[in-house]
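# A structural walkthrough
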Amino acid sequence: VAEAMLPFTVNFKVSARTLTGALNAHNKAAVDWGWQGLIAYGCHSLVVVIDSNTAQTLQVLEKHKADVVKVKWARENYHHNIGSPYSLRLASADVNGKIIVWDVAAGVAQCEIQEHAKPIQDVQWLWNQDASRDLLLAIHPPNYIVLWNADTGTKLWKKSYADNILSFSFDPFDPSHLTLLTSEGIVFISDFSPSKPPSGPGKKVYISSPHSSPAHNKLAAATGAKKALNKVKILITQEKPSAEFITLNDCLQLAYLPSKRNHMLLLYPREILILDLEVNQTVGVIAIERTGVPFLQVIPCFQRDGLFCLHENGCITLRVRRSYNNPDPVQELTYDLRSQCDAIRVTKTVRPFSMVCCPVNENAAALIVSDGRVMIWELKSAICNRNSRNNSSGVSPLYSPVSFCGIPVGVLQNKLPDLSLDNMIGQSAIAGEEHPKGPILQEVHLRFLLTGLLSGLPSPQFAIRMCPPLTTKNIKMYQPLLAVGTSNGSVLVYHLTSGLLHKELSVHSCEVRGIEWTSLTGFLSFATSTPNNMGLVRNELQLVDLPTGRSIAFRGERGNDESPIEMIKVSHLKQYLAVVFKDKPLELWDVRTCTILREMSKNFPAITALEWSPSHNLKSLRKKQLATREAMARQTVVSDTELSIVESSVISLLQEAESKSELSQNISAREHFVFTDNDGQVYHLTVEGNSVKDSARIPPDGSMGSITCIAWKGDTLVLGDMDGNLNFWDLKGRVSRGIPTHRSWVRKIRFAPGKGNQKLIAMYNDGAEVWDTKEVQMVSSLRSGRNVTFRILDVDWCTSDKVILASDDGCIRVLEMSMKSTCFRMDEQELTEPVWCPYLLVPRASLALKAFLLHQPWNGQYSLDISQVDIKKLLLDPEFSLLQRCLLVSRLYGDESELHFWTVAAHYLHSLSQEKPASSPTSKDTEPRDKVNNPLDICYDILCENAYFQKFQLERVNLQEVKRSTYDHTRKCTDQLLLLGQTDRAVQLLLETSADNQHYYCDSLKACLVTTVTSSGPSQSTIKLVATNMIANGKLAEGVQLLCLIDKAADACRYLQTYGEWNRAAWLAKVRLSSEECADVLKRWVDHLCSPQVNQKSKALLVLLSLGCFFSVAETLHSMRYFDRAALFVEACLKYGKLISAIYADYARSLKNLGFKQGAVLFASKAGAAGRDLLNELESPKQERTEDPASSTENNPPESPAFLSLRMTHESEALR
C-alpha cells in the first residue's frame, strides 16, 4: 500500500512568487544583512529576501511604486520575550521618498512613511533600543534628518542643516554621537537624542592635506615622519578652506570603527584613511598601489580590528591590523591583507554593486552584482605549520584564539573554529606585549570560500512557455516547469514549486522567439538572427530533450538565408508542428519522426494567426486497433506468456498518447487547425498522416480588423485583432459575439488548462486581461503605468488559476488570476533545503526552542535534533558549559543584546573564578585582576580590564604624538599624557612650543609646574584650590588636569560626573585609579545609566559585569523582568554567591507558560519557599483548572502541534 501511495506525494502546488533578474542603478546601495541571518536587497521596485546559509529566496516584497534605494533590517538589541518576540522587521526606502516598514514573514507592510518626494539618501534604526526599538532615522533630501516611529509612522522630530546630506553614521560606543557626511564636509552632532532634535548646526569640519603649509615641515622632519605626512589628511574646523584644500568631494563613505572608540574611517577610491577623532587626524592609511584595483566600499569589523573591502573588480579582501611585538612606539596603524576572494568578470552591464557582512559572526560577506547575482563568501581558517611560512613578507603571523565562546579551552575540546571572526583569529597584541598565552599558539591562515550563489534572470527580452498541464495520467512524473527563452539564445527552465533554476541550456546563437513543449520532458524552441539587407535571416529550430540536455536541429540543413519564422504551433496530441514564416508558405512537420509532411505551394495564403483544434479521432482509432488486435490474437494460437506481453503492450499504448510506442504501430490520429489570412478569412484544414485536406472556409467578419491571434478550447473559439477587438465564437450554438476592449493590438490570447475551465488571458501592448469566455466577461485587468510600473513582454498560464507574466523590469511573476501583485507568507513557501530561522516560528515556539537548546537540566542529559551537525555536536557535549551554550544560542538566534551580555558575563565569570583562590583578604593591594592573560576584546572599550585598557590608551597616545602636525594636536597630546600620568613626555612636548606662539609663556610655566609638583603639602592644597576655582568658572578640562597632577584623580572623576561628563570620568577612572576607587566611580555611573531619563540599563548591566558585581547584575535583570536571562545567569553564578530564589520562581512561571512542565517543576523546586505555590499548582493541574478556568486559558495558550511533539519526546525520554 505504501509503495502504491508513494508517487502521489509529488508536490505540484505552485504558490504565487516572483523570479527576479538584473538590478537597476538605483538599487546599488539597497542591501542589508540582518542579525536575523537573512539578506535583503532591492531589485527595481521589489525587495528580495534570501537566506544566507542556503542561498534560497524566501520572500519578495512588492509594494513600492519606484526603485528601492535603501533597505535596513531592524536591530535585535533588546530582550526578547512573548511580549516582544523575535520578528522579521525591515525598512525599505525608494526614489520617491517613501519608506515602508515590513513584517517580512507575513509579507505585509506594517507602516508607510512619506515626507518629501525625493530619493531617501540614508536610513538607520537606532541601535540603543532600551527606550524604544521602533525608532528609524532617515535623510530626506536635500538637507533634512527626520526621526520616525516606525511602528506607528509618526514623525518625532525634523531638523535641517546647511549643506546637502549624503549619508550618516552613528557612533557605536555612544548613541548621542552622530556624524553626517555632507557635500561640503563632515558635521559632528554630539547631542543626538530620540526625545528632541539636535540643537544648533553641529560642529562642521573640512578635510585638508596639511603638507601645503610650510610651517610644520620643520616639525615633521624632527619626528622623521615626513614621508608619511604627504599622504596624511587632517580635519580642520576653520571657515571653508581654499579650493586646493578640499578633498572631500571624492569621499565615497564615512564610518565609525566599531572595534575601538573614537576612530573613524574615510574611504576614497584609492585609499582608506583611519582618523583618530580625539586629535582629528589620520593615524593610518591603506593605500592602493598604482596598478591596484580601486575601492568601492569598506565594512569595518567589531570583533577584531579588521576591514572587509570591496574593489571595483568584485574582489572582496579582508585586512587585519598588524600586531607589533617590538617595544618601540608604533609609527602607523597598518592593516595587512589577510585574504581575498576571486574577482568577477566586469563588463559594461555587469559590475559589483555592494557588499554586506554578517553582523553576528563577521565571518562571511555577500556580494551583490548588477546582473542580479548574489555571491556569499565565507571565511575559513586553516592551521598552518611553522616551516611553510614565508618570513620575507614582513606580515606578522595570525594566531588562533585561546578561548572559545568566552572560555579558554583545551586542544582536544570540541569547538567550531569558524563560528565567528573572534573564534578564528586571536586579538592583536598591543605594542611591547607578548601574544595572549594559551596552552599552544597555533598560527592560522584565512581564505574565502564561495558557499552560496543565487543568480537572477538574464536581461529581457523573454519568451515564456509553461510545460503541459497536470492530468491524472501524468501525475506520477509531473513537475511544474517553466521554459524561459532569453535574448542571448539560452533557454532557462525553472521549477515553479521552489522557484529555483532547474536547467540552463545553451540552445541558440541569437534571441529566442518562441517555445513549444512536445512532452513533459522536451520542447521545441526557435530563434532568428538579425535580417540582412534582403530581409533574410538564419532560422534556428531546435528540439531539446530536457533530461539529457541534448538538442537537435529539427529542420536539418534548412534555415540559412530564408524568410524569418513568425511562429511555431504544436498540435493538441503533440503529433504535428506548423511552422509559419513571414514571406514563405507554411510547413507541416511530424514531431515524432522530425520529418516534413508538407510544404505548402507558393500561392498558399499568407497566415496572420493559427491555432490547432482540441478535437481529434484518437479514441475511435484506438477502438478499431484494439478490435483488430483481439481478432489477430484469436486467429493465432500463442502461448500464454506471449499473449500477456501483447496485452500489456496494448494497455501501455492506451495509456500514452504522446509516447513513442505509436511510431511502431504508426497510429496517426486526424487533427485540425484553423488559420486566418490578411483579409480575415478563416481556413479550416485537416491533417492525417501525411495528407493535408482543405475542409472549410469562413468569410471574414466585417466588425474585425486584421486578425492577430486565435485560441480554441472545447466549443469556444476566440479571435483577437489589431484594433483590440475580441470575437467569441460558440461553435455548438453557432453564435459569435464581438467585444471591443479599446486596448489596441491583441498580442496573444491563451486558454487556461483544466477540463471545463474556460478562462482566457489576453495580452496587449499596455498590459493584460483575464476573461471568462463562458460568461463573456472580464475577470481582471492590468495596465502598465496605471496599476503597475512595468511593461508586459509575455504571458502564459501556470496552473488553472494562476497566470505568469514576464515583464521589462527583468522579472517573471506568478500571480493569482486577479493579477494583483501580492507578497506571500514565508511559512507557506516550498523550500528545497531546510532553513534555520527561529524568527519564522510563532513567538511561543521560537522562545521554547531557545529554552530547549539552552539547557535541559530536567533531562540529566542533552538531546536535540537540529540540521546543523557541528552545532549539534557542541550542544550535546557535556564539557560545553552553560555560559558557552548561552553564547552559542545567542549567535544562532542573532540576538544582539544577549550576545554582548553573555560575552562579557562569560569572560568575567571565568577570569574572576580563576583568580579567586589566589587573592586572600591580605593581598588586596596586589590587584591580581591586572595581571591579565587573556583580556576582554578592546571593542568592549570601558568594560575591559583596567591594565589592558591603560596599555591601549598609551599606545594610542604614542601614535597621536607621532602623527601630530599642528600646535593644536601637540596640545591635545600633552593633555592626554598628563591625564595618563606620563609627565616626562608631557614636559618634552610643552617645551617644544616655539617662541612666536601666543601660548609660549603659558606652556613654559606649565612645564615648570609639572616637573616640581611632587613637592610639599602646601603646594598641593594651593593647586587643589586653583583647580576647584577653575572648574567652578567653566574651565573643567584644565581643573581636572591639575587635580590629576597632584594624584587627586578620584576628585577629578567626581567633578567630571557632576558636570555630566560621564564617559570622560569612566575613562579617567580606568586609566588612573586603583580597582576599588575605579569601581566607586563606575558604580555611580551605573546609577546614572539606570535613571529613567537616561534609560540605558543594558549598558549598566555590562558595566556591573565588568566590576564583578554579579549579585547586582542578577537583581537588576530580575527587576527588569528578564527572567530567563536572570535564571541562567544565577545558574552560571552558583559558585559565587547567594542563590536568588525569586528569579528561579519567575523563570519557572515563564517556562510553564511556554508549556515546559518539567523545566517549570525543576526551577520551582530550586526556588525553595518562593516556588512552593507554583510547585503545588504544577503537581495538581486538575484542581487548578477547576478553580480558575479563565486564568488558565490566559496563561496557557493552546499548544501548537510542534510543541506537543516536543513535549512528548521530552516526557518519553524522562520515563526512559
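Residues numbered from 1 in each chain as written. Predicted model: local features only at pLDDT ≥ 70, side-chain atom pairs only at ≥ 80, totals over all residues. Heavy atoms only, no water.

- In the annotation of an unreviewed UniProt entry, the chain is listed under the name WD repeat-containing protein 11 and assigned to Canis lupus dingo.

## Some words on the nonpolar core
- Ranked by internal contacts, the top residues of the largest apolar core, which has 163 residues, are Tyr41, Phe901, Leu1068 and Phe1129.
- In terms of residue count, the dominant contributor to this core is helix α11 (residues 896-915) (nine residues).
- Among the nonpolar cores identified, the runner-up in size contains 32 residues, and Phe462, Met466, Cys467 and Ile812 belong to it. (Core = buried A, V, L, I, M, F, W, Y, C linked by side-chain atoms within 4.5 Å. Buried < 20%, exposed > 50% of the residue type's maximum accessible area, 1.4 Å probe, protein only. Helix = DSSP H or I, 4+ residues; strand = E, 2+ residues; numbered from the N terminus.)

## Quick notes on the sheet that holds strand β33 (residues 443-454)
- Read across the open sheet, the five strands follow the order β27-β28-β29-β33-β30; overall the sheet is antiparallel. Looking at the sheet topology across the chains shown, the edges are occupied by β27 (352-357) and β30 (398-399).
- Summarising the sheet, strand β28 (residues 364-369) and strand β29 (residues 374-383) pair through five bridges and their orientation is antiparallel. Opposite isoleucine 368, over in β29, you have valine 374 as the bridge partner. (Pairing = 2+ DSSP bridges.)

## Quick word on the pattern of salt bridges
- For the structure shown, the criterion picks out 52 salt bridges.
- Between arginine 813 and aspartate 809 there is a salt bridge, with the nearest N and O atoms lying 3.0 Å from each other. Of the two residues, arginine 813 and aspartate 809, both sit in the buried class.
- One salt bridge connects glutamate 898 with lysine 850, and the closest N-O pair in it is separated by 3.3 Å. In this pair, glutamate 898 is assigned in helix α11 and lysine 850 in helix α8 (residues 843-854), connecting sequence segments 48 residues apart. The burial state of glutamate 898 is the same as that of lysine 850; both residues are buried.
- One continuous salt-bridge network, built from bridges that share partners, spans Arg555, Arg558, Glu562, Lys584, Glu587 and Glu599. (Salt bridge = Lys/Arg side-chain N within 4 Å of Asp/Glu carboxyl O.)

## Structural notes on the sheet that holds strand β34 (residues 462-466)
- Taking strand neighbours across the sheet as the criterion, the four strands line up as β34-β35-β36-β37 in an open arrangement whose pairing is antiparallel. Strands with a single pairing partner mark the edges of an open sheet, and in this sheet they are β34 and β37 (500-506). The mean angle between the axes of side-by-side strands here comes to 20°, regardless of whether they run parallel or antiparallel.
- As judged from the six bridges shared by strand β36 (residues 490-495) and β37, these two strands associate in the antiparallel manner. Looking at β37, one finds that valine 493 is bridged to lysine 503. (Axes fitted to C-alpha atoms, helices over the stretch in contact; angles between N-to-C directions.)

## Overview of unusual backbone geometry
- A cis geometry characterises the amide bond from proline 141 onward to proline 142, with omega recorded as 0°.
- One can find proline 142 in the loop between β11 (135-140) and β12 (144-149).
- For the peptide bond that leads from proline 460 to glutamine 461, omega is 20°, which places it in the cis range.
- Here glutamine 461 shows up in the loop between β33 and β34.

## Comments concerning the packing of aromatic side chains
- A full pass over the atoms with the stated rule returns 19 aromatic pairs.
- Seen from their ring centres, phenylalanine 308 and phenylalanine 448 are 6.4 Å apart, and the 55° between their planes marks the pair as tilted. One end of the pair, phenylalanine 308, is in strand β24 (residues 306-311); the other, phenylalanine 448, is in strand β33, with 140 residues separating them in the sequence. Residue phenylalanine 308 shares its accessibility class with phenylalanine 448, and that shared class is buried.
- Relative to phenylalanine 523, the ring of tryptophan 517 has its centre 5.5 Å away and its plane inclined at 65°; by these criteria the two rings are edge-to-face. (Phe/Tyr/Trp six-rings, centres within 6.5 Å; stacked < 30°, edge-to-face > 60°.)

## Things to note about the side chain of serine 420
- With respect to the element layout, serine 420 can be found in the loop between β32 (407-408) and α4 (421-424).
- Among the polar contacts made by the side chain of serine 420, one reaches the side chain of aspartate 422 at a distance of 2.6 Å.
- At a separation of 3.3 Å, a polar atom in the side chain of serine 420 contacts the side chain of arginine 891.
- Other than its neighbours up to four places away in sequence, serine 420 contacts Gln303, Asn361, Asn363 and Arg891. (Polar contact = N/O pair within 3.5 Å; in protein donor to acceptor, adjacent residues only side chain to side chain. Contact = heavy atoms within 4.5 Å.)

## Re the pairing of strand β51 (residues 716-721)
- Most of β51 is tucked away: six of the six residues are buried.
- The pairing of strand β50 (residues 707-713) with β51 spans six bridges and is classified as antiparallel. Opposite isoleucine 710, over in β51, you have leucine 719 as the bridge partner.
- The loop that links β50 with its antiparallel partner β51 comprises two residues; one of these, glycine 714, has a positive phi angle of about 60°.
- If you look at the hairpin formed by β51 and strand β52 (residues 725-730), you'll find three residues sitting between the two strands, and glycine 724 has a positive phi there, around 85°.

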